[in-house]
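The chain contents come next:
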Amino acid sequence: MTGPARKHTALPKAQILIEALPWLTRHHGKTIVIKFGGNAMVNEELKAAFAQDVVFLRHAGLKPVVVHGGGPQISAQLDKQGLVSEFKAGLRVTTPEAMDVVRMVLAGQVQRELVGLLNQHGPFAVGMTGEDAHTISAVRHQPEIDGELVDIGRVGEITGIDTGAIEALLEDGRIPVISSIARSADDGHVYNVNADTAAAALAAALGAETLMVLTDVEGLYADWPNSDEVISRLTVGELEKLLPELSSGMVPKMEGCLHAVRNGVRTARVIDGRVQHSILLEIFTDEGIGTMVVPDEQQGGKR
C-alpha cells in the first residue's frame, strides 16, 4: 500500500499516540498499583492483554506494582482436596488446612502464571508474597455478626506495610507481583488477606499516583438495578455516602479506593477487567473508563 491510502490508515494511529502524550508526561516515573482479579484472571486472552498492558506501562516510564488474590482458583483447589468453602460476613472461613491451600494456590500457581506471562516480554516480573521482607503484617480478623465477634480462622487484618523490598525492585526496573498473604507478628501464623484491601494499603504506603482495581462490572452504577449508568467520577465524601447501599462484592473494592485516596493516592479507579486493554484505555485516553475516586477538593474538571 502506498500514497494517500497508506497515509489514511496510519493517521488514526498517530492521533491515538498523540492523545496519550499528556498522560505519558503526567504519569512518567509515578507508581501505580493494580489489583488483578475477576474475569481478567481466568480468561486466557484477557490475561495475555493484561500482561501486555503492565509491560507497556513499565516501558512508558511508569512503575507498576501488581497485587492479586485468587478466589476461584482457591475454591477449585479446596474442592479437589475435599475441603468445604464456608463464607461468613462475605469472608472465607480459613482453617489452618485451608490456609495451606490458599498459600499454595496464590504463591505457587496464580502468581507464578502471572510472573510467567509478564516475563515473556523481558526480565521484569518478580513474585513475592506479603510475608517477604515483612511487606504485609496482619492480625487475626474477627468480623462482627449480629453484635458478636466471630472467629473465621486465618483471615488477616492488615496492621503494617513495609515497602522496602517493593521499592528496591521498582528502583531496579522490575515489576513486583504480590500475593495477598501476610504474617502475624503476634502469633507467627500466616494469614489470608483480602486482595482489594491489600492493594489499597500498599498503594497508600507506596505513595502511589493511582490505585486501579480490575472488576467484572463496568464501574460503580448510579442506580443499580434500575439503570446501568456508570458514575464516572466521584469524591471521597460522595463515595462514603454511597457505601452502605453497595452490593457486598463492591464494598471491599470501594472501601479500598476510599482508604487509598484518603491516604494520599491521587486517584483510585474501578475498571472493567472484561475489556481488553482496559488499563491502557483508563490511563492514556481522555475519556477513561470505569469509576474514578478523587479527593474532596477535586470537584469537576477533566479525568
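Up top you'll find the structure we're talking about.
Residues numbered from 1 in each chain as written. Predicted model: local features only at pLDDT ≥ 70, side-chain atom pairs only at ≥ 80, totals over all residues. Heavy atoms only, no water.

Draft legend 1. Representation of the overall build of the protein within the structure. Within the protein one finds nine helices and 18 strands. Relative to the globule expectation of 19 Å for 303 residues, the C-alpha radius of gyration of the protein, 20 Å, shows essentially globular dimensions. Counting only C-alpha atoms and orienting by the principal axes, one finds that the protein spans roughly 70 × 45 × 35 Å. Each of the 303 residues in the protein was classed as buried or not, and the buried ones make up 49%. (Helix = DSSP H or I, 4+ residues; strand = E, 2+ residues; numbered from the N terminus. Rg over C-alpha atoms; globule rule 2.2 N^0.38 Å. Buried < 20%, exposed > 50% of the residue type's maximum accessible area, 1.4 Å probe, protein only.)

Draft legend 2. Layout of the nonpolar core. Grouped together as the largest cluster of nonpolar side chains are 42 residues, with contacts concentrated most on Ile34, Phe50, Leu57, Leu118, Ile279 and Phe284. When residues of this core are traced back to their parent elements, those giving at least two are helix H1 (3-27), strand E1 (31-36), helix H2 (44-59), helix H3 (71-80), helix H4 (96-118), strand E10 (175-179), strand E13 (210-215) and helix H9 (278-284). What Phe284 contacts, discounting residues up to four positions off in sequence, is Glu19, Ala20, Trp23, Leu24, Phe56, Leu57, Ala60 and Leu62. Membership of the second largest hydrophobic core comes to 38 residues, among which are Ile178, Val236, Met250 and Val270. (Core = buried A, V, L, I, M, F, W, Y, C linked by side-chain atoms within 4.5 Å. Contact = heavy atoms within 4.5 Å.)

Draft legend 3. Expanded view of the pairing of strand E18 (residues 291-294). Neither face of E18 is open: one carries Thr291 and Val293, the other Met292 and Val294, and all of them are buried. Examined bridge by bridge, strand E16 (residues 233-235) and E18 share three bridges and lie parallel to one another. Note on E18: the bridge partner recorded for Thr235 is Val294. (Pairing = 2+ DSSP bridges.)

Draft legend 4. Quick look at the sheet that holds E10. Strand order in this open sheet of eight strands is E5-E10-E2-E1-E13-E17-E18-E16, and the pairing throughout is mixed. Sheet topology places strand E5 (125-129) and E16 at the edges, where each strand pairs with a single neighbour. Strand-to-strand twist in this sheet, taken as the mean axis angle between neighbours without regard to direction, amounts to 20 degrees. As judged from the six bridges shared by E1 and strand E2 (residues 63-68), these two strands associate in the parallel manner. In the sheet register, Ile34 faces E2, and the bridge partner there is Val66. Across the sheet, H4 is in contact with E1, E2, E5 and E10; its angle to E5 comes to roughly 165 degrees. Packed onto the sheet, helix H8 (residues 251-262) meets E1, E13, strand E17 (267-272) and E18 and runs at close to 175 degrees relative to E13. (Axes fitted to C-alpha atoms, helices over the stretch in contact; angles between N-to-C directions.)

Draft legend 5. Fine view of the packing of helix H6 (residues 195-206) against H8. Packing of H6 against H8 brings their axes to within 8 Å, and their N-to-C directions diverge by 10 degrees. Taken as axis vectors, H6 and H8 run roughly parallel relative to one another. Seen from H6, the contacting residues are Asp196, Ala200, Ala201 and Ala204; seen from H8, they are Pro252, Lys253, Gly256, His259 and Ala260. (Parallel < 35°, antiparallel > 145°, perpendicular 65-115°, else oblique.)

Draft legend 6. The arrangement of the packing of H2 against H4 in detail. Orientation of H2 relative to H4, taken along the N-to-C sense of each, is 60 degrees, at an axis distance of 9 Å. Between H2 and H4, the interaxial angle falls into the category oblique. In this structure, H2 crosses over H4, and the sense of that crossing is right-handed. Residue-level inspection shows Glu44, Lys47, Phe50, Ala51, Val54 and Val55 of H2 in contact with H4, the latter providing Glu113, Leu114, Leu117 and Leu118. In terms of residue class, the contact of H2 with H4 is built from seven nonpolar, no polar and three charged. (Left-handed = near helix turned anticlockwise from the far one by under 90°. Nonpolar A, V, L, I, M, F, W, Y, C, P; charged D, E, K, R; others polar.)

Draft legend 7. Fine view of H4. Helix length check: H4 (23 residues) gives 32 Å between terminal C-alpha atoms against 33 Å at 1.5 Å per residue, within 8%. Gln111 marks the point of greatest bend in H4, at about 35 degrees. Taken residue by residue, H4 has Ala98, Met99, Val101, Val102, Val105, Leu106, Val110, Gln111, Leu114, Val115, Leu117 and Leu118 as its buried positions. (Expected span 1.5 Å × (residues − 1). Bend = angle between axes of the 7 residues up to and from the residue.)

Draft legend 8. Up close: the side chain of Asp272. On the secondary structure map, Asp272 appears in strand E17. Classification of Asp272 as buried rests on a relative accessible area of 6%. One polar contact links Asp272 to Arg274, side chain to side chain, over a distance of 2.9 Å. (Polar contact = N/O pair within 3.5 Å; in protein donor to acceptor, adjacent residues only side chain to side chain.)

Draft legend 9. Just a negative patch on the surface, in detail. Negative charge collects at one region of the surface, where Glu218, Asp223, Asp228 and Glu229 lie side by side. With respect to the secondary-structure elements, Asp228 resides in the loop between strand E14 (220-221) and strand E15 (230-231). (Patch = residues over 30% accessible without salt bridge, like charges linked within 9 Å, V, L, I, M, F, W, Y side chains within 5 Å. Areas by Shrake-Rupley, 256 points an atom, 1.4 Å probe, with all protein chains shown as cover. Salt bridge = Lys/Arg side-chain N within 4 Å of Asp/Glu carboxyl O. Lys, Arg positive; Asp, Glu negative; His and termini not counted. Charge placed at Lys NZ, Arg CZ, Asp CG, Glu CD.)

Draft legend 10. Fine view of the environment of Met212. Of note, Met212 is situated in strand E13. The exposure class of Met212 is buried, given its relative accessible area of 0%. Not counting the four nearest positions on each side in its chain, Met212 is found in contact with Ile32, Val33, Ile34, Lys35, Arg269, Ile271, Ile279, Glu282 and Ile283.

Draft legend 11. Fine view of the pattern of salt bridges. Evaluation of the coordinates by the stated rule reveals twelve salt bridges. The partner of Lys47 in a salt bridge is Glu113, with the nearest N and O atoms 2.8 Å apart. Here Lys47, found in helix H2, pairs with Glu113, found in helix H4; they are 66 residues apart in sequence, far enough to count as distant. In this structure Glu113 comes out as partly exposed when scored by relative accessible area, which is 36%. Across the salt bridge formed by Arg262 and Glu240, the nearest N and O atoms sit 2.4 Å from each other. Note that Arg262 is positioned in helix H8 and Glu240 in helix H7 (residues 236-242), a separation of 22 residues in sequence. Its relative accessible area of 39% is what places Glu240 among the partly exposed residues. Linked through salt bridges whose partners overlap, the residues forming this network are Lys35, Asp196 and Lys253.

Nothing here speaks to function; it is all geometry.
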